[in-house]
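Tertiary structure, described
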Amino acid sequence: MLKNLIRYSIRSFKRQRSYIIINILGLSIGIACSLLIALFVINEAGYDRYNVNRERIFRVVLNGKIGGQEVVGAFTPSIMGPTMLREVPEVEDFLRMTGRGPTIVEYNGQTFTEEACIEADSSFFRFFTIPVIKGDPEMMLNAPHRIILTESTAKKIFGDEDPVDKALKLGTDTVRYIVTGVIGDIPPKSHFNANMITSFMTNPRSEDPTWMSNSFSTYLLVRPNASYLDIEKKITDMLVRYVGPELERYMGITIDDFMSQGNRYTYFLQNLADIHLDPSIQQEFREASDPKYLWIFGSIAILIVLIAAINFMNLSTAQASRRAKEVGIKKVSGSTRGMLVSQFLTESFILAFTSLLLALLIIKLSLPYFNNLLGTSLRLGLVDNWYTVPALLVFTLLVGIMSGSYPALFLSSFSPYTVLKGSVRNSMQNGRLRRILVIFQFAVSILLIVGTMIMYRQIRFMLNKDVGFNKEQLIVINRAGALGPRVKAFKDAVKNIPGVVNITSSTAVPGRNNNNNGYGLEGRDEESFLMQTNYVDYDYLDTYGMTLAEGRFFSESYPTDREACLVNENAIRDFEIKDITQTRFVRPGDGDTPLYLQVIGIVKNFNHESLRNPIQPYIFCFKRDDYQYGYLTVRLTEQDYQKTIGGIESVWKEFTGNSPLQYYFLDEDFENMYIQEKQNAQMAVIFSILAIFIAALGLFGLTSFTVEQRTKEIGVRKAMGSSVAGVYIVISREIIILVSLSALIAWPVTYFVAEKWLENFHYRIDAGIFSFLSGLGIALGVAMLTISYRIMKAARINPASSLKYE
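Residues numbered from 1 in each chain as written. Predicted model: local features only at pLDDT ≥ 70, side-chain atom pairs only at ≥ 80, totals over all residues. Heavy atoms only, no water.

**Things to note about the overall build of the protein chain**
Per the secondary structure count, the protein chain includes 24 helices and 24 strands. Relative to all contacts within the protein chain whose residues are 6 or more apart in sequence, the contacts with residues 24 or more apart total 80%. For the protein chain, the computed accessible surface area is about 35,700 Å², with 56% contributed by carbon and sulfur atoms. (Helix = DSSP H or I, 4+ residues; strand = E, 2+ residues; numbered from the N terminus. Contact = heavy atoms within 4.5 Å. Areas by Shrake-Rupley, 256 points an atom, 1.4 Å probe, with all protein chains shown as cover.)

**Some remarks on the nonpolar core**
Of all hydrophobic cores here, the largest spans 103 residues; its most connected members are Phe 442, Tyr 544, Met 546, Phe 554, Phe 620 and Phe 687. Tallying contributions element by element places helix α14 (residues 432–464) first for this core, with 13 residues. Once you skip the residues sitting within four places of it in the chain, Phe 554 turns out to touch Val 536, Tyr 538, Asp 561, Ala 564, Cys 565, Leu 566, Ile 600, Phe 620, Cys 621 and Phe 622. Listed in part, the 26 residues of the second largest apolar core include Phe 58, Val 60, Val 71 and Ile 231. (Core = buried A, V, L, I, M, F, W, Y, C linked by side-chain atoms within 4.5 Å. Buried < 20%, exposed > 50% of the residue type's maximum accessible area, 1.4 Å probe, protein only.)

**Focus on a nonpolar patch on the surface**
A cluster of nonpolar residues, Val 394, Leu 397, Leu 398 and Ile 401, forms a patch on the protein surface that exposes about 340 Å² of accessible area. Classification of Leu 397 as partly exposed rests on a relative accessible area of 36%. (Patch = residues over 30% accessible without salt bridge, like charges linked within 9 Å, V, L, I, M, F, W, Y side chains within 5 Å. Salt bridge = Lys/Arg side-chain N within 4 Å of Asp/Glu carboxyl O.)

**Points about unusual backbone geometry**
If you check the backbone angles, Asp 165 has positive phi at about 75° while not being a glycine. You can see Asp 165 is positioned in the loop between α5 (151–158) and β9 (167–170). For Asn 225, which is not glycine, the phi torsion reads 70° and is therefore positive. With respect to the helices and strands, the residue Asn 225 is situated in the loop between β12 (217–222) and α6 (228–251). Asn 225 gets classed as exposed once you look at its relative accessible area, which sits at 86%.

**With respect to the pairing of strand β23 (residues 631–636)**
Across the six residues of β23, six count as buried, placing the element largely inside the fold. Burial along β23 is two-sided: Tyr 631, Thr 633 and Arg 635 and Leu 632, Val 634 and Leu 636, pointing in opposite directions, are all buried. Strand direction decides the pairing type here: strand β14 (residues 474–477) and β23, joined by four bridges, are antiparallel. Each residue of the ladder has a partner; that of Val 476, found in β23, is Thr 633. In this structure, strand β15 (residues 500–506) lies alongside β23, joined through six bridges in antiparallel fashion. Bridged to Ser 506 within β23 is Tyr 631. (Pairing = 2+ DSSP bridges.)

**So, the confidence of the model for the protein chain**
The share of residues in the protein chain with pLDDT of 70 or more is 84%, and the mean pLDDT across the chain is 80. With pLDDT under 50 throughout, residues 426–430 is counted as low confidence; its partners more than four residues away or in other chains account for ten contacts. (pLDDT = per-residue confidence, 0-100.)

**A closer look at the environment of Arg 573**
Here Arg 573 lies in helix α17 (residues 569–574). Note on Arg 573: relative accessible area 55%, which makes it exposed. For the pair Arg 573 and Pro 617, spaced 44 residues apart in sequence, the C-alpha separation works out to 8.9 Å. Within the structure, Arg 573 has its side chain in polar contact with the side chain of Asp 574 (distance 2.8 Å). (Polar contact = N/O pair within 3.5 Å; in protein donor to acceptor, adjacent residues only side chain to side chain.)

**As for the pairing of strand β17 (residues 524–536)**
Here five bridges tie strand β16 (residues 516–521) to β17, and the two strands are oriented antiparallel to one another. Its bridge partner being in β17, Asn 517 is matched across the sheet by Met 531. What sits between β16 and β17 in their antiparallel hairpin is a turn of two residues, with Gly 523 showing a positive phi close to 90°. With five bridges connecting them, β17 and strand β22 (residues 618–622) associate as parallel partners. Opposite Asn 534, over in β22, you have Phe 620 as the bridge partner.

Structure representation (structure tokens):
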């Protein structure tokens, strides 16, 4: 039976070669798109799944509100983990981690730069399932100045030499680090990346007893069957015991009064598997992905498969009149409707499985481009899991049923008497369902086109918006601490290099904040205020091209400026400051003595974070000589960047003992803030083009059907004197109406989705009517190009030939 069905199907294919090619092309592109998106979604949802104990691992997250400023981030005090292990029975172990930033490694006179270096407790291997190649996991990080290398990093530094027990120099640290082990490379689907791991005990702040100093990531391994909700309740009790006294000491306020003012200071636990898909939580490791994009692209995958299936239906029914006689003869010969349905579904399955093979080839060829676009490492992996191939076969079977069921039922329903009499065309004049399907196809296409245009407009807006300072021609040098106390001498030397306009030293730069501190205001003892803090020198304002709204900047003419500050306009507004000359901020000083900072100026608002976020209150304090960490920012002229940077590099090596210069361009770093949006917009463009291409194939099928049914009408119109243009207008009018109806359906849905997406950005565009009208224009243009050839060909046929048709 099956053999006969396949044989009949192949015979049928030979008679419909062009129709088969178009169907396979549409289905294969649709299947390839959906599988690519599925790979992307599965990859994003699979972060940190490699860890054996992932269900019992939780990250501690600070949830605070101080002075109206919200803070939700994976930042905890160093003392928190040890205290919870000691006082909370449900906690089996803890792990503290923090990033070291770009690190210079020296060995045997060779220098290497490592971007991914972290500090971690010795419990690291009880939390993360990383294979150990050399060394004892329990001993690797249990003492200061110990370091673990990943396999690829060990190979880069030591070659074939055994790295264990070798000494490395890291950065400016005078004490060598001993290599205690080699581990497998950190899996790419991990929420953090590391090529080197040093012992957390090396960090001077590892024993810091201050509870209100939130600087590190803390993870908890919860005992089996323990509830993380019970642990959260106990954290609240701990805060009363430990944070309360610090609030009284540093801010002169009890924790009850602090909370009663609308402030919040608590922690909650986040499961390890949820970290990568929660962008609402600030963190120092890999940026989290927005799950909205997974829903968006998952929906696009389903819609594209539907478009391809609809395309199949339209082309199948467009060919119905050619197969009507075949159906009639088979029914007269004894074939039942069930047998005909089986034959047509078999044809659909053969086409679907052929399309699957072509789709897999398309994926194989396009994956390198896709990976390059997304900065990921997706792979097809058909044999990685036992269920992959069966899942593909089931998926293809469903596509075949979805695509072929309606044509099979439709074709098998023809009456032999009607078909053989030749009046089947009259029964097929009502193409309502096909028109509805075309409307759906173009509605989806218009949704994708308009959505993509809005995404690109928002990205262009973010890249071109005035951010309150001149970010062009600025290079930022990392590791200012490598200069030690010679920062001023280095600055003076760099200023003499041709092409250098100015240079400044600071502990933070726009886009890379590192201190969010609490302050008091003199005379308002029971209030507290949270501000991003940046310690800067005298040249900061001029180097960045920022503007003062009031007052002045730090000046060497005023020795008291070393204990002064400037704030931005939002700090003045949010804290309701009326007169800066009568305003002093208060922060803890040495011991229990408070430090008063006189406000001497107001800096106009500038975007120090992504445009997704509003501008927060910001304070500039003077950078003392003993603050040797941070950045150096150099403003260059527009001429010969490389020559100027080469001069800076030479001076840097003179001051740092031949240490390599690490720098980046600030404008490029700002662009990288929106890398996820840019990648997703590019994906949307690709899938929009493919979706409208498949929809155009379906439209071509409908046009073919329409022209075929109206051949005699066209002949009559031509015989009555109608021009080719007149025939074109008559037939294309229906298509214009269908596409316009598609736009009316797509626009409200697109507006709703676009508004939801734009809510992610504090600074955003209006959706505007231009994008919607442009989407309609593009869809109409594609539709008219698609149908023009078929209509013009029919309109040019001699009326005598048309009237003989049928």
